[in-house]
Each structure stands twice: as C-alpha cells, then as structure tokens.
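Working through the structure, step by step
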Amino acid sequence: MIPTTRFAPSPTGPLHLGHAYSAILAHDMAAAQKGRFLLRIEDIDQSRSRPAWEAQIFDDLAWLGLSWPQPVMRQSARINIYQAAITRLWRRGLLYPCTCTRRDIAAAAAAPQEGAPLVGPDGTVYPGTCRPGPAWCPPISPPPAGTPLRLDMRRAEAALGHRNLTFNETGAALDGRSGAISIAWDEVQGAIGDIVLARPAMATSYHLSVVLDDAAQGITLVPRGTDLFDATVIHLILQHLLELPTPVYHHHRLIRDDTGKRLAKRDDARSIRTYRHDGATAQDIRRLIGLP
Ligand code: GLU
Ligand code: ZN
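My aim in this report is to walk through the structure given alongside it, one point at a time. All residue numbers here refer to positions counted from 1 along the written sequence of the relevant chain. All chains are assigned letters beginning at A, and all ligands numbers beginning at 1, according to the order in which they are written. Where totals are concerned, whole chains, interfaces and linings use all residues; where local detail is concerned, this predicted model gives features only for residues with pLDDT of at least 70, and gives and counts side-chain atom pairs only at 80 or more. Values shown for side chains rest on all heavy atoms present in the structure; no hydrogens or waters enter the calculation.

1. So, the overall build of the protein
- Each helix is a run of DSSP H or I of at least 4 residues and each strand a run of E of at least 2, with the numbering of both proceeding from the N terminus. From N to C terminus, the protein includes 10 helices and 12 strands.
- With C-alpha atoms as the basis for the radius of gyration, the globule rule is written as 2.2 Å multiplied by the number of residues raised to the power 0.38. Against the 2.2 N^0.38 benchmark of 19 Å for 292 residues, the protein shows a C-alpha radius of gyration of 20 Å, consistent with a compact globule.
- Over its C-alpha atoms, taken along the principal directions, the protein stretches across nearly 65 × 40 × 40 Å.
- Classification of residues uses two cut-offs on accessible area relative to the type maximum, computed with a 1.4 Å probe and protein chains only: under 20% is buried, over 50% is exposed, and between them is partly exposed. Classification of the 292 residues of the protein by burial places 49% in the buried group.

2. A closer look at the coordination of the zinc ion (ligand 2)
- For Na, K and Ca the donor cutoff is 3.2 Å, while for all other metals N, O and S atoms must lie within 2.8 Å; water is not among the atoms, so some sites may look incomplete. Listed as protein donors to the zinc ion (ligand 2) are Cys98 (SG), Cys100 (SG), Tyr126 (OH) and Cys130 (SG); their distances from the metal cover 2.1 to 2.6 Å.
- The rule is simple: four donors are tetrahedral if all their angles sit between 85 and 135 degrees, four are square planar and six octahedral if opposite donors span more than 155 degrees and the others lie between 65 and 115, and anything that fits none of that is irregular. With four donor atoms in place around the zinc ion (ligand 2) and angles of 82 to 129° between them, the coordination shape is irregular.
- Linear spacing of the donor residues for the zinc ion (ligand 2) on their chain is C-x1-C-x25-Y-x3-C. Of this pair, Cys98 sits in the loop between β4 (95-97) and α4 (102-109) while Cys130 is found in the loop between β6 (123-124) and β7 (149-151), placing the two residues 32 residues apart along the sequence.
- With a relative accessible area of 3%, Cys98 lands in the buried category.

3. Brief notes about the packing of aromatic side chains
- Between rings of Phe, Tyr and Trp, where Trp is taken as its six-membered ring, a pair exists when centres lie within 6.5 Å; planes separated by under 30 degrees are stacked, by over 60 edge-to-face, and by other angles tilted. Per the counting criterion, the structure on display carries five aromatic pairs.
- With a centroid separation of 6.5 Å and an interplanar angle of 35°, the aromatic rings of Tyr96 and Tyr126 are classed as tilted. With a gap of 30 residues between them, Tyr96 in strand β4 and Tyr126 in the loop between β6 and β7 connect regions that are remote in the sequence. Each member of the pair Tyr96 and Tyr126 is classed as buried.
- Note on Phe167 and Phe229: the rings are 6.0 Å apart at their centroids and 50° apart in plane angle, and the pair reads as tilted. Highlighted residues: Phe167 in strand β8 (residues 165-169) and Phe229 in helix α8 (residues 229-241), separated in sequence by 62 residues.
- Taking the relative accessible area as the measure of exposure, Phe229 reaches 7% and is therefore buried.
- Pairwise contacts between aromatic rings join Phe167, Phe229 and Tyr249 into one cluster.
- Note that Arg150 overlies the ring of Tyr126, its terminal NZ or CZ placed 3.8 Å from the centroid. A ring has a charge above it when a Lys NZ or an Arg CZ is no more than 6 Å from the ring centre and no more than 35 degrees off the ring normal.

4. Re the sheet that holds β4
- Paired strands, in this sense, are two strands between which DSSP finds at least two bridges. On the basis of which strands lie adjacent, the open sheet formed by three strands has the order β4-β7-β10 and antiparallel pairing. In the strand order of this sheet, the two ends are held by β4 and β10 (196-198), each with one partner. Here the average twist between neighbouring strands, direction ignored, is 45°.
- Alignment of β4 against β7, held across three bridges, turns out to be antiparallel. By the bridge assignment, Tyr96 is partnered in β7 with Arg150. In this analysis an axis means a line fitted to C-alpha atoms, helices contributing only their contacting stretch, and an angle means the value between N-to-C directions, from 0 to 180 degrees.

5. Focus on the pattern of salt bridges
- Throughout this description, the term salt bridge denotes a Lys or Arg side-chain nitrogen within 4 Å of a carboxyl oxygen of Asp or Glu. As enumerated under the stated definition, the model contains 17 salt bridges in all.
- Salt-bridge contacts for Asp45 lead to Arg48; the nearest nitrogen and oxygen are separated by 3.3 Å.
- The closest approach of N and O atoms between Arg276 and Asp59, which form a salt bridge, is 3.1 Å. Residue Arg276 is located in helix α9 (residues 272-277), and its partner Asp59 is located in helix α2 (residues 51-63); the two are separated by 217 residues in the primary sequence.
- Owing to a relative accessible area of 36%, Asp59 belongs among the partly exposed residues under this scheme.

Written out as structure tokens, the structure is:
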C-alpha cells in the first residue's frame with residue numbers, strides 16, 4: 001500500500017495557521033515516506049461552503065509550497081455513497097430517528113436521576129430519550145429522509161462483540177500516549193454516546209463522510225489536531241461497523257494565538273491570506289508554527 005496522507009479542509013472560511021500546520025505536516029509526512037499527499041474538500045455543509053473559499057484554499061496551499069494530484073475529491077459529489085452506508089447501518093438496526101432539540105437534550109440530561117450532564121464531542125452526551133428498547137427491530141422501509149438519525153452506541157458495541165478497538169498513534173493522544181491505543185467501551189458510552197450520524201440537511205455527517213472518504217482514498221496516515229481525538233474514536237467505531245481499514249493517526253498539538261486561545265476559522269486576523277498580504281513568505285509561516 002502506498003503511504004497516503006490527506007488534508008481535508010471545509011471551504012467555509014479562510015485557512016489559518018492551524019490549518020497550515022496540519023496541511024504541511026500531512027504533506028511532509030507523505031514526502032518522507034515517498035508517499036502521496038491528497039487534498040479533499042469537505043463541503044457537505046452546503047449552507048456554509050462557498051466556491052470562493054475553496055479557490056482561496058487551493059491558492060493558499062500552493063503558495064505554501066504544497067502540491068497534490070488532481071482531481072480532488074469533493075464530498076458534495078459523494079452523497080449517494082454516504083446514503084448507501086446509512087441504509088446499511090439502518091438495516092442492521094444501528095440507527096434510530098431522533099428529533100430532540102438541543103433544549104430537549106439539555107432538559108433530559110439535567111433530570112436529577114441522570115447525574116451531572118456530560119459533554120461529548122457534539123455537545124451534551126445524548127441521554128437516550130429516543131433510543132429504542134432491546135426488542136426493537138429496524139423496519140424494512142428505507143431510513144426516513146429528513147429526520148436526524150443517531151448511532152445506537154450500545155448496539156454498535158454489541159455488534160462488535162464488546163471487544164476493545166485499537167488504533168496506532170504516531171503523534172500524541174490527549175493524555176500524551178502513543179503507540180497502540182485501545183478504546184474502552186465504558187468511555188465511549190459515557191463520554192461520547194449516541195451521536196447524530198445523518199443530519200437531514202446533508203443526509204450524512206462529518207463523521208460518516210470522513211470514514212468513507214479516507215477508505216475510498218486509501219489514506220494510511222491521518223495527521224489531525226488533538227481536538228479531534230474524540231472524533232477519531234467515533235471514526236474507529238464506524239470503520240469496524242462498515243468493515244473499513246483503520247489508518248494510523250497522528251494527533252498533533254494545536255496552534256494557539258498569542259493569548260493561548262485556540263485558533264478558529266473566524267479569526268481572520270491570523271488567516272494565511274492576511275500574512276501573505278503583510279509580506280510574509282511560506283518559510284515565515286513554517287517558522288511561525290514551529291516547522292523546519
Ligand atoms: N474538515 C475537517 C476539518 O476541517 C477535517 C478534519 C479531519 O477529519 O481530520 O476540521
Ligand atoms: Zn430524540
């Protein structure tokens with residue numbers, strides 16, 4: 001297998017120093033292994049994606065000295081593939097419809113018998129209000145369009161035989177661990193819970209699309225920020241449920257601004273474009289983010 005890394009931005013804003021770090025790392029790691037560096041445009045959120053942002057991403061990455069094979073994969077062209085995977089999981093009874101609002105979830109999670117509400121990667125851990133009972137069998141009908149579908153993590157755990165899932169970490173997990181990292185199901189159930197896997201507006205979700213795309217592109221190594229560690233756990237579970245290979249993950253430090261705050265897309269002041277306008281070179285950017 002050819003060593004393959006990727007950078008997968010969403011065209012919803014300008015790239016900032018944190019993106020530059022992930023992209024350059026992915027590019028350099030592929031080069032070091034004589035492998036491939038791929039670019040993927042994560043534009044499933046059509047309400048926020050803009051062609052102008054996409055054009056700027058290509059331009060900024062080329063300016064940083066990166067190159068990638070054409071054509072690039074675009075998630076908006078792969079909705080049928082995501083739908084097919086949703087249908088597969090639905091038929092196996094691993095998904096259930098849920099129209100709870102954020103407020104419903106907050107209220108249910110705050111009920112006295114629930115203890116302190118836990119916060120997971122997508123907000124409050126879902127308290128299970130709409131989760132079907134053990135006797136529930138998925139209907140023969142196709143998954144309901146236009147309704148959010150949650151992944152039933154308890155059924156997922158059972159479907160995978162309750163065995164611990166493991167991935168290889170070449171960076172550092174949240175607690176600094178590297179090497180073979182084993183995920184305990186207790187933590188998944190308690191801290192992640194039944195995440196939404198299909199959102200009505202996009203008929204998929206970030207988690208499902210990423211897993212299917214990484215497999216379709218033959219990605220063997222995913223460099224990403226430590227803020228995505230919980231997402232990696234979800235991806236690991238989905239890879240096993242969908243019988244897809246698990247890449248190696250390299251969680252890297254986050255690039256922070258001068259006040260120590262994590263950089264977000266809306267921090268235009270730190271966008272690559274702004275540095276370019278101010279006369280910085282690509283080498284200056286590498287130095288700023290601590291890369292040789
Ligand atoms: N589109 C995601 C982002 O911009 C990709 C991150 C990933 O899956 O590694 O954060
Ligand atoms: Zn619900």
